[in-house]
Amino acid sequence: MGIRFGGDYNPEQWPEEVWAEDLELMKAARVSTVTAGIFSWARVEPRPGEWDFGWFDRVMDGLAGAGIEVCLATMTASPPPWLSHAHPEILPEDADGRRRWPGARQHYCPSSPVYRAHAVRLVERLATRYAGHPALALWHIGNEYGCHTRQCYCDVSAADFRDWLRERYGSVDALNDAWSTAFWSQTYTDFAEVLPPRTAPTFPNPAQQLDYLRFGDAALRACYLAEKEVLARCAPGVPVTTNLMPQHKPVDAFAWAPHLDVMALDFYQDPFLSDDHLRAAYVFDLMRSARGGQPWLLLEQAPGAVNWRPRNGPKPPGAMRLWSWQAVAQGADAVLFFQWRQSRGGAEKFHSAMVPHGGPDTRIFREVAALGRELASVPEIAGTRSRAAVALLADWRSWWALELDSRPSTALDHSRLALEHHRPLYEAGVACDVVPPSRELSGYRMVVAPQLYLLTEQDAARLAAYVRDGGQLVVSFFSGVVDAQDRVHPGGCPGPLRELLGLRVEEFWPQPEGAALTLQGAYRGRADLWAEDVVLEGAEALARFTGGPLDGRPAVTRHPYGRGAAWYVATRPEPALLRALLDDVREAAGVAPVVAGLPAGVQATVREGAAGRFLFLLHHGERTARVTLPEPGRVVVSDATGRPEPAAGPGDPAPPADAPVHRITLAPRGVAVIALPGADA
Amino acid sequence: MGIRFGGDYNPEQWPEEVWAEDLELMKAARVSTVTAGIFSWARVEPRPGEWDFGWFDRVMDGLAGAGIEVCLATMTASPPPWLSHAHPEILPEDADGRRRWPGARQHYCPSSPVYRAHAVRLVERLATRYAGHPALALWHIGNEYGCHTRQCYCDVSAADFRDWLRERYGSVDALNDAWSTAFWSQTYTDFAEVLPPRTAPTFPNPAQQLDYLRFGDAALRACYLAEKEVLARCAPGVPVTTNLMPQHKPVDAFAWAPHLDVMALDFYQDPFLSDDHLRAAYVFDLMRSARGGQPWLLLEQAPGAVNWRPRNGPKPPGAMRLWSWQAVAQGADAVLFFQWRQSRGGAEKFHSAMVPHGGPDTRIFREVAALGRELASVPEIAGTRSRAAVALLADWRSWWALELDSRPSTALDHSRLALEHHRPLYEAGVACDVVPPSRELSGYRMVVAPQLYLLTEQDAARLAAYVRDGGQLVVSFFSGVVDAQDRVHPGGCPGPLRELLGLRVEEFWPQPEGAALTLQGAYRGRADLWAEDVVLEGAEALARFTGGPLDGRPAVTRHPYGRGAAWYVATRPEPALLRALLDDVREAAGVAPVVAGLPAGVQATVREGAAGRFLFLLHHGERTARVTLPEPGRVVVSDATGRPEPAAGPGDPAPPADAPVHRITLAPRGVAVIALPGADA
Amino acid sequence: MGIRFGGDYNPEQWPEEVWAEDLELMKAARVSTVTAGIFSWARVEPRPGEWDFGWFDRVMDGLAGAGIEVCLATMTASPPPWLSHAHPEILPEDADGRRRWPGARQHYCPSSPVYRAHAVRLVERLATRYAGHPALALWHIGNEYGCHTRQCYCDVSAADFRDWLRERYGSVDALNDAWSTAFWSQTYTDFAEVLPPRTAPTFPNPAQQLDYLRFGDAALRACYLAEKEVLARCAPGVPVTTNLMPQHKPVDAFAWAPHLDVMALDFYQDPFLSDDHLRAAYVFDLMRSARGGQPWLLLEQAPGAVNWRPRNGPKPPGAMRLWSWQAVAQGADAVLFFQWRQSRGGAEKFHSAMVPHGGPDTRIFREVAALGRELASVPEIAGTRSRAAVALLADWRSWWALELDSRPSTALDHSRLALEHHRPLYEAGVACDVVPPSRELSGYRMVVAPQLYLLTEQDAARLAAYVRDGGQLVVSFFSGVVDAQDRVHPGGCPGPLRELLGLRVEEFWPQPEGAALTLQGAYRGRADLWAEDVVLEGAEALARFTGGPLDGRPAVTRHPYGRGAAWYVATRPEPALLRALLDDVREAAGVAPVVAGLPAGVQATVREGAAGRFLFLLHHGERTARVTLPEPGRVVVSDATGRPEPAAGPGDPAPPADAPVHRITLAPRGVAVIALPGADA
C-alpha cells in the first residue's frame, strides 16, 4: 500500500456532523491510515460493564467506506474516572509515597491487578467486536508506555516486585549476593522484607535501584503482553504494535521488540534546536535495527508546534516535510501525526494538528496535503531496506546503571555520549545500525561501543570473538566496569575487556566542570568531562594526556587482537578528534559512505529491495548544497531537477525529470529521492 | 477626618505597662487609626468557649480615650493551637497531599465547616461586644486572604468543590462539556468522581484547573461573607473591609469589591528595586478603580525593611514618605503600616515597625512622626477623586487561564505584560483606570487590553460596541483565544475579536529564549517573546516583521471600525516602540496628560472634589527635576518653594508659600502637592 | 603506640579467604588500628534475637594475632531489614510528613523507643562478648550521627519533643513566653498541642524551630548516651568515642565533647577545591579545642576520590599524605581512612579505599603504605599538644538561629564567616583555638567572635569581663541580637554588648546581591553583604562607609574597655581588610606567629610535650617555597634535607639529615617535621 500516511483520529471530541468533513479532508490529504480509539475508554464504557460501541462502529464504517485503514487502539491508556473512583488503589505512587491523581492520563499502577483485569475485559470486547472489520489493519496496544508514569512505588508494586525477584533469584541468599547487601547492613532474611527503592536518608542500594528499573520495564511489558494475549485469542492474524519512545529511559525497546509485529515510534523534533535531526537520526536507526532492518512506523510526530515544552516552536515551512522524509530515509514505512484535528479543549489544544483550529485554509494543512500527495507518488519505496556495515552498541542496562546516584561523576549522560558517537557516522553518510551487545555482530565490519558501563562476561566474550575474527571495535571510557548486578568486576575497569583492550584502568579521573584536558599524539586537541589513569598491557598509546597530574598517560589506545583491533578512548575528546578517530577506524575496517564528500548538513541514505535502490538526500543545513551522486540516477522526488542550475527549496514538489542526473542542488530543507540503476528491476 | 494615619496594633505582644507609652507615642506621631486584633484569637479564647475580653476592652477604651479610631479585626486569621489540635481536619493540604501544619498562620482549609463555625462563633461574640464602642470605626474581616494558603486540595475541599460545580453546571453532562473531558478519556459519570486537580502524572485538565482557581477564590470569599453576615446582623451600620493583595493571583479583587464597603490594600514596595513604584502605581490604580473611584485605604506597608524577602532592603531617607504620598496621589484616604511596635520575638521581629527595637529616638520613628504631621496638615484632600480617560483591562480569569501549564509558551507573564502597558501611561502623566472587561467603558476615550487570553462572546461584543461608538482600543497578542472554559474559540485566535480587529491569527510563533525579532514600518525596532502569523481581513499593517520565517507578516495593525479603531500588537515590542504606539493611540483618542512634558521619574496625578483640585508631583528619579505647572497653583505640601531656585529634598517639609507658583523643582524623592485654581471653592 | 594508622574494616563484604590477605597487606602498610563492625548488625543478628558472632570472633582474633588494635563499633548505625519490616514506626519522617525508607542507612527515628531498645540489646551482647578481647582498644558508638537523618518529624518524635519541652520549661506559660507565641495567635493551652515545626503555610515560629534543632541534637545524643551507659556497665575501662562531623550543622560538637573520652572526626577534603585545606584547618582546630587540647582521632578520610559529590576528584600524588599530616600537625594522634578494601557492590563501591579494586599494585596503595611507614617513624609525636594565644568563638546555637528563615538576609552563612575570620590567623601561622563562648577565656590574649547572633546575658558578661581584664576582642556584625530563645534583646542590637562595644546599631542594611560598599579611614577598600547604621556611644570609628545612604557612618570601631579593647566590624570587609584589622588586633594583643614571614600556602604549627617540640611545615601552595626556621632544628620528616638547595616534593620520604637545619625548601605538597631544641628532652 505504499508509505502509510495519516494520524491519530479522536472523533469523540467532535459532534458527528464533523466526521463527514473529516473524511473529505482525509481524502484530500491522501490519508491512508488513522490511529483510532486511544482515549475512548470512558466513551465506550461509560459505567462499569455498560458498553456503548455504536458511535465507534459508525467511525470504523465511515473510515472503511473511505478506504482508510485503522490502527485500532486497545483504549486502555487512560482509565475512566469511574475506575479510579471505585478503586483508588490503582493510582500510582512516587518514590516519596505521593499518590499521582487522575485528571490527566496514565494514572494507573502498572502492577495493579484491578487495572489489568479491567483492561483485559475491555480488550476482549473490542477484539471480539472488530476482529473482522474491513478497516482494521493493525492493533495499537496501550499508548506511550512509561511516558508519564515511569515507575510506581506503591504497596501493590512492592508485592509485584517481590514476586519478580523471587522468580529472578530463587532464594533470598541469591538476592543478598546479587545486591551486595553486606554493605550498610542490608542483608534480607526474607523476601517479605524487600521494598521498592523509595526515598531513603541517602543513596539506596544501587543494585536494588537497577533491578527496580528492570522490574518497571517488565511491569509495563506485562500490561502490554496481557492485552496482546487477548488479541491473539480473540482477533488472530492481525499484527500488533505499540508506540515506543526509545529516546526515553524507562522502556527497553530491544526487550520489547520481539513482542511487536512491527516497530512503531513517537518522536517530536524540537524546531528550536538546530541539531535535533541528529537525535532523530539516532533513534530512527535504533528503530530500524530493533527488528533486524524491518521497516517501522513513525506513529506520532507533530505537524507544527507541540504544547508541552516550556517554549514550543512552530515548524517553519518545509521542516515538517523534511523531517517526515528523514524517517522514511531511515527505514520508516509510515508517516503519521498526532493528531488529525486540533482539539478545542483539554491539555493538548495547543498541540498542532493536521487540521488546525483555523481549518484547511492554513499553511499547515496545505503542507500536510502536499506531503500526502508526495508520499503517495512513490509507493515502491515501501518495503525496501537499508544495509549497514557499522553497528553502534546501545544497552538499556548500562543506561540505567550508569546514571544512578553515587557514581564518580553525575555529569555522565549515556544518551549524549551515544549521540556524540553516532553523529560522525551519520554526517559522513555512513549507514549505522544501533543494536544491543547481545546481537550477532559478525556481519559488521566495525562496532562502536560508546559506554558499556555494565557489561557481562558473556557479552564481553562475544566482543572479543568479534575482534578476534577481524572486527574493528571502539570502546569509550568507563566501560566494562560492573556486572549485571552493578558489582565491580574483579580487578576493576575494564573488567572482562582487559585482555581484549590490552590495558587496565587504575583510577578514574572525572573532571571538574569547565576543565579542559589536552591530548598529544595521533589525536591532538582538547577533551573534557573524564579521564582515566590507564596502564598499558599490550595496547599502544595513540594519544596521551599532556600537562596536569596525568601528563604522559595514555588517552587513546589501539590493541591488535586476533585478526582485528580494539581501540579505547579514555576521555571525551572534542568532536573533531572523535571524528578523526572514527574515520581512522572506518578506514581500517574498509567502510565507505553512501555518498563521498557530502556537503555539511546533507544526510544521505539508501533503501533497496525488489522495487529498486533509492538514494535519499535530505538537507538539514542552512546554505544551498550541491551533491554529486555516486552514480547517475532518476529523480523520483525532488524540489527541482538534478541539473546544477536551479536551487531546490521547500516549495511544492517539481515534476521528476526523465533523464538520469549526475548532480543535484539542494536548498535548505530540500529533499531528493533518486532511483539508482537497478531500481526498475 | 482627613487622611487616616496609623498601623497594626498588637498589644498582646507587650505587657500592659507598655500600652500607656504606646498611646503617648501615637499622639506624637499624629496616629488617627489603628488596626487591632488581627492575631488575638488565642488570647481572647484561650480554650474552646472560654472567653477573655477584659484586656482587649482596656485596649479599646485606651484608644478611644486618646481619640484614636479602630479598624477592628475579626481575629479569625490564625486559628489557635487548641483548634487544630482538636480538629486536625481543618489543616489544609497541597496538591501533593501534604498537610500544612500549624506553627505559622493561615493554617486552615477555607472550605472547612469546622473552621467556619468556630470563626462565626467568635465574630458573633466580638461584634456583639464592641458594636457600639466609641473607638470602632471599621471592621476588618480575616487578614490577607489567600496570602499563604492559596488553595487547599483536601477531601473536605473536594466535597465543597463538587457542590460548587453542581451549582455552576447543574448536570454532569454540562460539566463534561465545559471541561472537554472527551480528551484523554476523562468523561465523568457522576459528580462524585470529580476531584481537585491534584498532582497527576502529567498536565491535569486545564478547565478543571481553571475552575479550581475560581473555586479557590470563591471558597475564601465564602469565609469572608460568612463573617460579614454576622457583622451585619450583630453590629449593623459599621463599614467592613479586608486587606486585599491584588498583586497576587488567588483573590480576584474585582469579584470581591462589591462585598467591601471600602477597598483596602496591603502593599510592600521593594527598596532594592528602582522601579517598584511602577508596580505600586498599577496596583493603586486598580484599587481606586475597583469601586468606581471611591477613595481606598493603604492598610499595610512597611516603615522600613521587611523580613520575608531573601534580602530585605531598608527604606533610605525619604522613601517611606514618597511611597506613602504615592498612595494618596493615586486615591488613598489612609496611610497605615504593619506594625506599630516592632516585635521582640516571632517570625516577623525583623520586620520594621513604626516604633523600632531602638525606640522613638530613631530615624524611622522620626520620619513616621513627620509624615503623620504632614498628612494631618492637609485634611481637605480626603474624599477627593481622580478622573481617567483611559482604561486598562485586567481580568483574573485571563490571568488564571493564561498561566496554566500546556500553553504555547510558559514565558508569558500576565502581570508583567499588564505592567508594561500601564507604564507608558503612568510615565506620561496620563490618568488610567484598571478595570475588568465587564465594566461599562463608554466613559473612556481609550482602552488598552494587554492580554485577554480568555474572552467571552459577551465581553467581546461589548468591546466591539465600544469601538463602534468611537472608542480607540489596543489589544495585545494571544487575546481572544479561549472561552470561559478554556476552550479555543471556533476558527481560532482572536475568536470573537476577529471581525473587530479585522484579522485572524493562523499560527502562534512563541520565540525561544533570548531571540529578537525586528519590526519595520511605522514602528521600527525590536520585539521578542512572541510572534504570530497574522492574516489581514480588513485591518492595515502599521508594522511588519522583517527577516526570519515571518518576514513581511503584519506585526502591528489598525482596523477602523464604526466611529473608532481597533489596534492589534502581535508581538512584544521593546518599551520605546510600545510607548510610541500608545502615544499614537492616545493622540487618536484625544487624551492629554495631567502635566505636559513631565521630566523622567516624576509622577503627576490630580485629585479633585468639593474641597478643591490638587496636583500631586512625586519624584521617583535620581536627578533633580524641574516641573512647569499646567496652571499656577498654591503649594500645600512641599520640600521647598515653587520658585525655581531651591532644590526640594526629602528633609523636613518646608512651610508652604502663599503666592501661586508656576514652576517647582523636585529633588530625588521630593513630594509636592499643589492646590490648583478652584481648590478653595 | 605512636600515631594510629589504619581504616574502616568491613570483612563481611568479603569471603573469609580474603581476610588473610587483608592481614598481610595491613602489616605491609604498617596499619596499627582498624575500625570494625560499623555495618555488621544484619550479619551478627540475622533474625530478631538470633545471634551469629562466630565470624566476627575470627575477625577479632585475626587482628589481635596481627597486633592490630580495634576501634570496635556498636553496630547500631544501620538497622537490619527485619527491624524496619517488623516496626515501620521506627522509620523517620521529614517536615513534609514523608517517610524515609530503608535501603540506604540511618533510617531510624532517633526518638524511637523501639530502635533504642533493639540497639541497647545488641550493645549489651557485644560489650559482654568482647569486653576483654585483646584487640579491643576503643569503642565506636553509632556512626556519623545526624549525617543523613538530621531531624525526624514523626509523631514519636513529637511526643519526645513535648517531653523535652516539659523538662526544659516546666510550664506551658513558660513555653509561651519563650516562644513569643503572642505573635500570630500561637499561644498554647497545653503541651499536648505542641508539634514539631512541620511545613506550615509560611515561616514557622523561629523559637520553635530553634528548640527543635536543640532537641534534634539532644535526641541523637540520647541514642549515644544510652549505648555508652551499656558499655560503661558491661565493658568498663575501655574509652568510647564516636565520629563527629562538626562541619555539619545538626550535631553540636561542644555539647557532645564531655561525653566522649577522645574526640574523633570524619573529614573529606575536596580535591577539586584549591582552598579546602582552610576548611579542614578550622575543623581540626575545633576538634583539638573541644576537649581542651587533648589529641584527637581523624577517624575517616578518603585515600583518593569519594563517590557522593556530583563530581568526585581523585587526590593527586602527595595530596593524601599532605592532608593526613595536616591533621597530625593540628593535633591528631590517628590517621584513619574509610575504608580498608574497596567494595565491589553497594552505594560506595566508587569510594576509594586503601586497597583499591586494582589491588595493592596501585598508586593509592603505594602511597598509603609509604604514609604508614612514615608515621610509624615518628612515634614520639603522639601525645604532644599545641598552645594557642588566640581563640575564635563558635556556637551552634548562633549557627542554628542565624540561618533560620525570616531573617534580614538569607545570604548570611555562619560557617563561611567563621572560616573567613579563621583564615588570616591560619595563614599567618598563628595558633588558634576554636571554642564556645562559655569557655574560660582568660588564658587567651585575643578573642575573635565572628557572628554571635544569639548571645545570652551571661556570655556577654563573660566577654565584658575578659576585655576588662586586658583582652582584645573582635566582634563582627549582627551579633548580640537575640537571647537564647531568639527574642531580640531590649533596645536592639548589639543588646548586652552595647556597653562593651560602646555603640548601638539603629538599623540593619543588608546589601543586595552583587552590591559593593566602600570603606574609608584606617581600613580602606571594599565590603559587601551587610552594613549597619551604627550610633557611637563611646567607641571610636576606625573606618567609615563612604558614598550611598550610609555615607560617613562608622564601619569599623574600637572601644577601649578596662584594660583591653573591644573592636566591632559592622560589615563584611574584603579579605585584605579583614586581615589588616586582625593583624592590628594581634599586634595590640602581642600575639606572634609560630614562624614569622611564612610564604604563601605554607602552614606552620607546633606540637610539644614530654617528647619534645615539633614544628610542622606543610605546603598547600603551588610554587616551591623556602622557609626560614625560627631556630635551627633537626629534620625528622621531610621530602629532602633542610639545606636550601634541593626542592622537596611529594615523592618518597628522604632520610632525615642529622645536622640541624636553618632553612628548608618545600615543593608543592611538601611536608616537613622539625624537632626543635628541647625535642630530645
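Numbers given to residues run from 1 along each chain, matching the order in which its sequence is written. Written order decides the labels, with chains lettered from A and ligands numbered from 1. Confidence filtering applies because this is a predicted model: local features only for residues at pLDDT of at least 70, side-chain atom pairs given and counted only at 80 or more, and all residues used for totals across whole chains, interfaces and linings. The side-chain quantities take in all heavy atoms of the structure and omit both hydrogens and water.

1. Here we look at the overall build of chain A
Thinking step 1. In DSSP terms, a helix is any run of H or I states spanning at least four residues, a strand is any run of E spanning at least two, and both are numbered starting from the N terminus. Per the secondary structure count, chain A includes 17 helices and 26 strands.
Thinking step 2. Note on method: radius of gyration uses C-alpha positions; expected globular size equals 2.2 Å times residues raised to 0.38. Since a compact globule built from 681 residues should have a radius of gyration of about 26 Å, the 26 Å found for chain A is in line with a globular shape.
Thinking step 3. Using a 1.4 Å probe on the protein chains alone, a residue whose accessible area is under 20% of its type maximum counts as buried, one over 50% counts as exposed, and one in between counts as partly exposed. In chain A, which comprises 681 residues, the proportion classed as buried is 67%.
Thinking step 4. We call two residues contacting when some pair of their heavy atoms lies within 4.5 Å. Long-range pairs, those at least 24 residues apart, make up 72% of the contacts in chain A with a sequence separation of at least 6.
Thinking step 5. Carbon together with sulfur atoms contributes 50% to the accessible area of chain A, which is approximately 21400 Å² in total.
Thinking step 6. Separation of charge centres in chain A, based on 67 positive and 80 negative side chains, amounts to 3 Å. All accessible areas in this document rest on Shrake-Rupley with a 1.4 Å probe, and a residue is counted as covered only by the protein chains that are shown. For the purpose of charge, His is not counted, nor are the chain termini; Lys and Arg are scored as positive and Asp and Glu as negative. By convention, the charge on Lys lies at NZ, on Arg at CZ, on Asp at CG and on Glu at CD.

2. Structural notes on the environment of Gly 293 of chain C
Residue and element names in this part refer to chain C.
Thinking step 1. Its place among the elements puts Gly 293 in the loop between helix H10 (276-290) and strand S8 (296-300).
Thinking step 2. Gly 293 sits 268 residues away from Tyr 561 along the chain, and the two C-alpha atoms are 30 Å apart.
Thinking step 3. Setting aside residues no more than four positions away along its own chain, Gly 293 makes contact with Arg 288 and Arg 385.

3. Considering unusual backbone geometry
Keep in mind that most residues, glycine aside, have a negative phi and that most peptide bonds are trans.
Thinking step 1. In the segment running from Phe 338 of chain B into Gln 339 of chain B, the intervening peptide bond is cis, with an omega of -15 degrees.
Thinking step 2. Residue position: Gln 339 of chain B is located in the loop between strand S9 (332-337) and helix H12 (363-376).
Thinking step 3. Phi is positive for Gln 106 of chain C, close to 60 degrees, though the residue is something other than glycine.
Thinking step 4. Accessibility expressed as a relative area gives 4% for Gln 106 of chain C, which makes it buried.
Thinking step 5. Positive phi, close to 60 degrees, is recorded for Asp 486 of chain C, a residue that is not glycine.
Thinking step 6. Residue placement: Asp 486 of chain C occurs in the loop between strand S13 (472-476) and helix H16 (498-501).

4. As for the relation of the copies chain A and chain B
Thinking step 1. Once chain A is rotated about the relating axis by 120 degrees and shifted along it by 0.0 Å, it coincides with chain B to within an RMSD of 0.0 Å. Given the turn and translation reported, the copies of this chain are related as if by a three-fold rotation axis. Ranked by how close their C-alpha atoms come to the rotation axis, the residues of chain A are headed by Arg 98 of chain A, at 4.8 Å. When the copies are superposed, the least-squares fit takes in the C-alpha atoms of residues with a pLDDT of at least 70 in both.

5. Notes on the domain arrangement of chain A
Thinking step 1. Assigned domains within chain A: domain 1 (390-589) and domain 2 (602-675).
Thinking step 2. Once you take the C-alpha centre of each, domain 1 of chain A and domain 2 of chain A turn out to be 36 Å apart. Each domain span listed reflects an automatic or database assignment of domains.

6. Section: helix H6 (residues 155-169) of chain C
Residue and element names in this part refer to chain C.
Thinking step 1. An expected span of 1.5 Å times one less than the residue number is assigned to each helix. Here H6 spans 21 Å end to end across 15 residues, near enough to the 21 Å set by a 1.5 Å rise per residue.
Thinking step 2. Turning to H6, its buried residues are Ser 157, Ala 158, Phe 161, Arg 162, Leu 165 and Tyr 169. The buried residues of H6 occupy an angular sector of 145 degrees when projected down its axis, which confines them to one face.
Thinking step 3. For H6, the elements touching its buried residues are helix H7 (172-179) and helix H8 (206-234).
Thinking step 4. At the C-terminal side of H6, Gly 170 shows a positive phi close to 80 degrees. By construction, the arc corresponds to the directions joining the helix axis to the C-beta atoms.

7. Quick notes on the pairing of strand S12 (residues 446-449) of chain B
Residue and element names in this part refer to chain B.
Thinking step 1. Burial of S12 is two-sided: the residues Met 446 and Val 448 facing one way and the residues Val 447 and Ala 449 facing the other way are all buried.
Thinking step 2. Only strands joined by at least two bridges in the DSSP assignment are considered to pair. Direction of pairing for S12 relative to strand S13 (residues 472-476): parallel, over a ladder of four bridges. Residue Val 448 lies in a different strand from S13, and its bridge partner there is Val 474.
Thinking step 3. Following the chain from S12 across helix H15 (residues 457-468) to the adjacent parallel S13, one finds a crossover that is right-handed. Look down the strands so they point away from you; if the path from the first strand over the helix to the second goes clockwise, the crossover is right-handed.

8. Quick notes on the confidence of the model for chain A
Thinking step 1. pLDDT is defined as a per-residue confidence score from the predictor, taking values between 0 and 100. In the predicted model, chain A carries a mean pLDDT of 96, and the fraction of residues at 70 or more is 97%.
Thinking step 2. Considering only residues more than four positions removed or in separate chains, one finds that residues 641-648 of chain A, a stretch of pLDDT under 50, has 25 contacts.

9. What to know about the sheet that holds strand S16 (residues 525-528) of chain B
Strands belonging to one sheet form pairs held by backbone hydrogen bonds; the direction of such a pair is parallel or antiparallel.
All names here are of chain B.
Thinking step 1. Spatially, S11-S10-S12-S13-S20-S19-S18-S15-S16-S21 is the arrangement adopted by the ten strands of the open sheet, whose pairing is mixed. Both outer strands of the open sheet, strand S11 (432-435) and strand S21 (572-573), are each paired with one neighbouring strand and no more.
Thinking step 2. Bridging between S13 and strand S20 (residues 564-569) involves five bridges; their strand directions are parallel. The partner of Ser 476 across the bridge, within S20, is Val 569.
Thinking step 3. Of the strands in this sheet, strand S10 (390-393) and S11 touch helix H10 (residues 276-290), which is tilted by about 70 degrees from S11. Each axis is a line fitted through C-alpha atoms, taken for helices only over the stretch in contact, and angles between the N-to-C directions span 0 to 180 degrees.

10. Re the sheet that holds strand S4 (residues 136-140) of chain B
Residues and elements named next belong to chain B.
Thinking step 1. Pairing is parallel across the open sheet formed by nine strands, whose spatial order is S5-S4-S3-S2-S1-S9-S8-S7-S6. A single partner strand is all that each edge strand has here, and the edge strands are strand S5 (240-241) and strand S6 (243-244).
Thinking step 2. Pairing of strand S7 (residues 264-266) with strand S8 (residues 296-300), which is carried by three bridges, proceeds in the parallel orientation. When the bridges of S8 are listed, Leu 265 appears paired with Leu 298.
Thinking step 3. Most of the contacts of H12 go to strand S1 (residues 4-9), to which it runs at about 140 degrees, and overall it touches S1 and S9.

11. What about the relation of the copies chain B and chain C?
One copy of the chain maps onto the second through a rotation about an axis and a displacement along it.
Thinking step 1. For the pair chain B and chain C, the superposition axis carries a translation of 0.0 Å, the fit reaches an RMSD of 0.0 Å, and the rotation angle comes to 120 degrees.
Thinking step 2. The share of interface residues of chain B whose copies in chain C are also at the interface is only 2%, consistent with the copies meeting through different surfaces.

12. Considering the interface of chain B and chain C
Thinking step 1. Counting residues at the interface gives 50 residues for chain B and 53 residues for chain C.
Thinking step 2. Together, the buried faces of chain B and chain C total about 4500 Å²; carbon and sulfur atoms form 59% of this surface.
Thinking step 3. Each reported salt bridge corresponds to a side-chain nitrogen of Lys or Arg within 4 Å of a carboxyl oxygen of Asp or Glu. Counting the contacts that link chain B with chain C gives six salt bridges.
Thinking step 4. A salt bridge links Asp 96 of chain C to Arg 98 of chain B; its shortest N-O distance comes to 3.1 Å.
Thinking step 5. Polar contact is defined as a pair of N or O atoms within 3.5 Å, subject to the rule that within protein one atom must be able to donate a hydrogen and the other to accept it, and that residues adjacent in sequence are counted only when both atoms are side-chain atoms. The tally of links between chain B and chain C comes to 20 residue pairs in polar contact (both at pLDDT 80 or more).
Thinking step 6. Secondary-structure elements contributing two or more residues to the side of chain B that touches chain C are helix H2 (41-44), helix H4 (81-86) and H12 of chain B. When two parts are put together, the accessible area they lose, computed with a 1.4 Å probe and summed over both, is reported as buried area.

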